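Descriptive analysis of the structure
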Amino acid sequence: MVGFAVVGLGMGHNRARLIQETEGAELKIVVDLNGNLAEKVGIELETDWTTELDQALERKDVDVVMMMTPSGTHADLGIRVARMGKHLITTKPMDVSTDACDRLIAACEASGVLCGVDYQSRYVDNNFRVAEALRKGWLGKPILGEVRFKWFRPQSYFDAGTSWRGTWKMDGGGSLANQGAHLLDILSWFMGNPISVYGEMAVLNHEIETEDIGLAILNFESGAKGTVLGTTTFPESVYFSAEVHGSEGGVLIDSVLK
């Protein structure tokens, strides 16, 4: 059995439940700075709980730490995890800057532990099939890859809790970096590395530092084009989609999340 600790019980609450449902995995402890929340989840999932990360890292029965804290904390906390010899999974994104990500990767390599990012859309059957079709050339020469989402987030979403959402320091971006992170990952998985990007962003309907609408045009190494649209200003959350086509065929994915 592989022993897990989950740190950060916002989205981490769901991930902790999934660990319990996964064969070969065992939830050993949950961690959150909010003691009431940590205790509540610990009781619900019948596992140990604590408000101190070090208490989880010192446990010999913890093999993997899942870091589900605000984006801007992943590298600093993850480095502590790596130095204790624990494997690490962070929620998306790995952190909010290339420098922070590089530091975390270097720490994991130095300690000989694995580091992964929670991009679960890569495990959705439809997405995997499209990636394989492109890799094997079944769609012909790649021409265009598009990812788009139109969602709604009220101002209260950004104001809630510790108010890290929508800040450059802790969120690292807005509709694209947070809500759109899975689509950006899917696009690069499908189409390969971009060699140039042109983009625009704006804050049109929220009181936040980062964008609530972002658009981009990409040029890929293959010669194919790409487009990105992501916003949290739509009146309701209606779609989260990807579209790709080549010279021999195309695919429209209604939602990359399922």
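Note that the structure is predicted; figures quoted are calculated from it, not measured. (Residues numbered from 1 in each chain as written. Predicted model: local features only at pLDDT ≥ 70, side-chain atom pairs only at ≥ 80, totals over all residues. Heavy atoms only, no water.)

1. Some words on the environment of Ser163
Tracing the backbone shows Ser163 in the loop between helix H7 (155–159) and helix H8 (175–179). Exposure remark for Ser163: the relative accessible area of 33% places this residue in the partly exposed category. In the structure, Ser163 is positioned 41 residues away from Leu204 in sequence and 19 Å away in space, judged by C-alpha atoms. (Helix = DSSP H or I, 4+ residues; strand = E, 2+ residues; numbered from the N terminus. Buried < 20%, exposed > 50% of the residue type's maximum accessible area, 1.4 Å probe, protein only.)

2. As for the pattern of salt bridges
Per the stated rule, a full pass over the model turns up 12 salt bridges. Between Arg103 and Asp76 there is a salt bridge; the shortest N-O distance is 3.4 Å. With Arg103 in helix H5 (residues 98–111) and Asp76 in helix H4 (residues 74–83), this pair connects stretches of sequence that are 27 residues apart. Among the salt bridges present, the one from Glu243 reaches Arg148, with a minimum N-O distance of 2.6 Å. Linking Glu243 in strand S11 (residues 239–246) with Arg148 in strand S7 (residues 142–150), this pair joins segments that are 95 residues apart in sequence. Residue Arg148 is classed as partly exposed on the basis of its relative accessible area of 25%. (Salt bridge = Lys/Arg side-chain N within 4 Å of Asp/Glu carboxyl O.)

3. Quick notes on the nonpolar core
Core analysis: the biggest nonpolar cluster contains 24 residues, and Leu187, Phe190, Met191, Val228, Ala242, Val244 and Val256 have the highest contact counts within it. Put simply, the parts of the chain that give this core at least two residues each are helix H6 (125–135), S7, helix H9 (181–191), strand S9 (213–220) and S11. The greatest single-element share of this core, amounting to 5 residues, is contributed by H9. Setting aside residues no more than four positions away along its own chain, Leu187 makes contact with Gly145, Glu146, Val147, Gly192, Leu218, Phe220, Thr227 and Val228. Val62, Ile79, Ala82 and Leu104 belong to the second largest nonpolar core, which has 23 residues in total. (Core = buried A, V, L, I, M, F, W, Y, C linked by side-chain atoms within 4.5 Å. Contact = heavy atoms within 4.5 Å.)

4. With respect to the sheet that holds strand S3 (residues 48–50)
Read from one edge to the other, the open sheet built from 6 strands follows the order S3-S2-S1-S4-S5-S6, with strand pairing classed as parallel. Both edges of this open sheet fall to S3 and strand S6 (115–118), since each of them pairs with a single strand only. Strand-to-strand twist in this sheet, taken as the mean axis angle between neighbours without regard to direction, amounts to 25 degrees. Pairing between strand S2 (residues 25–31) and S3: 3 bridges, direction parallel. Residue pairing for S3: Val31 is matched across the bridge by Thr50. Sheet strands touched by helix H2 (residues 35–45): S2 and S3. Its angle to S3, the strand with the most contacts, is close to 175 degrees. (Pairing = 2+ DSSP bridges. Axes fitted to C-alpha atoms, helices over the stretch in contact; angles between N-to-C directions.)

5. Structural notes on the packing of aromatic side chains
Under the criterion given, the structure shown has 5 aromatic pairs. Judged by centre distance (5.4 Å) and plane angle (45 degrees), the rings of Phe149 and Phe240 are tilted. Linking Phe149 in strand S7 with Phe240 in strand S11, this pair joins segments that are 91 residues apart in sequence. The burial state of Phe149 is the same as that of Phe240; both residues are buried. Look at Trp189 and Phe190: their rings are 5.8 Å apart centre to centre, the planes differ by 25 degrees, and that puts the pair in the stacked class. For Trp189, a relative accessible area of 24% corresponds to the partly exposed category. Judged by relative accessible area, which is 8%, Phe190 ranks as buried. (Phe/Tyr/Trp six-rings, centres within 6.5 Å; stacked < 30°, edge-to-face > 60°.)

6. Considerations on empty space enclosed by the protein
By the definition in use, this model includes 1 cavity of 30 Å³ or more. Contributing to the lining of the largest cavity are Phe158, Asp171, Gly174, Ser175, Asn178, Gln179, Ile208, Glu211, Asp212 and Thr232. Looking at the lining of the largest cavity element by element, the count peaks at 3 residues for H8. Looking at the lining of the largest cavity, its residues break down into 2 nonpolar, 5 polar and 3 charged. (1 Å grid on protein atoms, 1.4 Å probe; cavity = no way out; pocket = protein on both sides within 12 Å on 5 of 7 lines; lining within 4 Å. Points joined across faces, edges and corners; volume = space filled by probe spheres on them. Nonpolar A, V, L, I, M, F, W, Y, C, P; charged D, E, K, R; others polar.)

7. As for the sheet that holds S11
Strands pair in a sheet through their backbones, by hydrogen bonds, and they do so in one of two ways: parallel or antiparallel. As summarised here, the arrangement of the 6 strands in space is S8-S9-S10-S7-S11-S12, forming an open sheet in which the pairing is mixed. The open sheet has two edge strands, strand S8 (194–202) and strand S12 (249–253), and neither has a second partner. For this sheet, the mean inter-axis angle between neighbouring strands, taken without regard to orientation, is 5 degrees. Bridge count for S8 against S9 is 8 bridges, and the pairing is antiparallel. Opposite Pro194, over in S9, you have Phe220 as the bridge partner.

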